[in-house]
Amino acid sequence: MPENRDSAGRQRLDKWLWIARVVRTREAAAELVESGHVRLNGQKTLKSGHGVKAGDVLTLVLHTRVRVLRILELGERRGPAEEARCLYSEASMSSLEGKTP
């Protein structure tokens, strides 16, 4: 089993953000989470080591832009951008308007 996953099919939040190329470094991913700019399934999380799994929804504030990502897969490595885009689907803000949380 890959070392970046535990037995429950989870991966560290900061590592997933880095592998999915949402941020440039794992340090930046950890800072993003610990500064309160990430919600996991609607709940604020301040722990960069929190485990994520396929099906989880991340809401991120990056450079004054809100992104909503549904995790489709956990990554094995930080590969090319095309490979990273297969790890998540992004909801557009227009599709979220008018919906209550």
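About the cut-offs
Residues numbered from 1 in each chain as written. Predicted model: local features only at pLDDT ≥ 70, side-chain atom pairs only at ≥ 80, totals over all residues. Heavy atoms only, no water. Salt bridge = Lys/Arg side-chain N within 4 Å of Asp/Glu carboxyl O. Helix = DSSP H or I, 4+ residues; strand = E, 2+ residues; numbered from the N terminus. Buried < 20%, exposed > 50% of the residue type's maximum accessible area, 1.4 Å probe, protein only. Polar contact = N/O pair within 3.5 Å; in protein donor to acceptor, adjacent residues only side chain to side chain. Contact = heavy atoms within 4.5 Å. Arc of directions from axis to C-beta.

Student: Run through the pattern of salt bridges, naming residues and quoting values.
Tutor: Under the defined criterion, the tally for this structure stands at seven salt bridges. A salt bridge links R65 to E90; the shortest N-O distance between them is 3.5 Å. One end of the pair, R65, is in strand β6 (residues 65–71); the other, E90, is in strand β7 (residues 88–91), with 25 residues separating them in the sequence. Relative accessible area serves as the criterion here: at 37%, E90 is assigned to the partly exposed category. R85 is paired through a salt bridge with E82; the nearest N and O atoms lie 3.9 Å apart. In this pair, R85 and E82 both sit in helix α3 (residues 81–85), three residues apart, roughly one turn of the helix. The class for R85 is partly exposed, based on a relative accessible area of 48%. Here E82 falls in the exposed class, since its relative accessible area comes to 53%. Salt bridges linked by common partners bring R12, D14 and R26 together as one network.

Student: Requested: an account of the side chain of S48, with residues and values cited.
Tutor: Locating S48 in the fold gives a position in the loop between β3 (43–44) and β4 (51–52). With a relative accessible area of 8%, S48 lands in the buried category. Here the side chain of S48 touches E34 through a polar contact of 3.2 Å, side chain to side chain. Apart from residues lying up to four places away in sequence, S48 is in contact with R12, L13, D14, A30, V33 and E34.

Student: Explain helix α2 (residues 26–34) residue by residue, including any values.
Tutor: Along α2, the positions that sit buried rather than exposed are A29, A30, L32 and V33. Buried residues of α2, viewed axially, fall in a sector of 160 degrees; they line one side. Along its buried surface, α2 packs onto α1 (13–19), β2 (38–40) and β5 (57–62).

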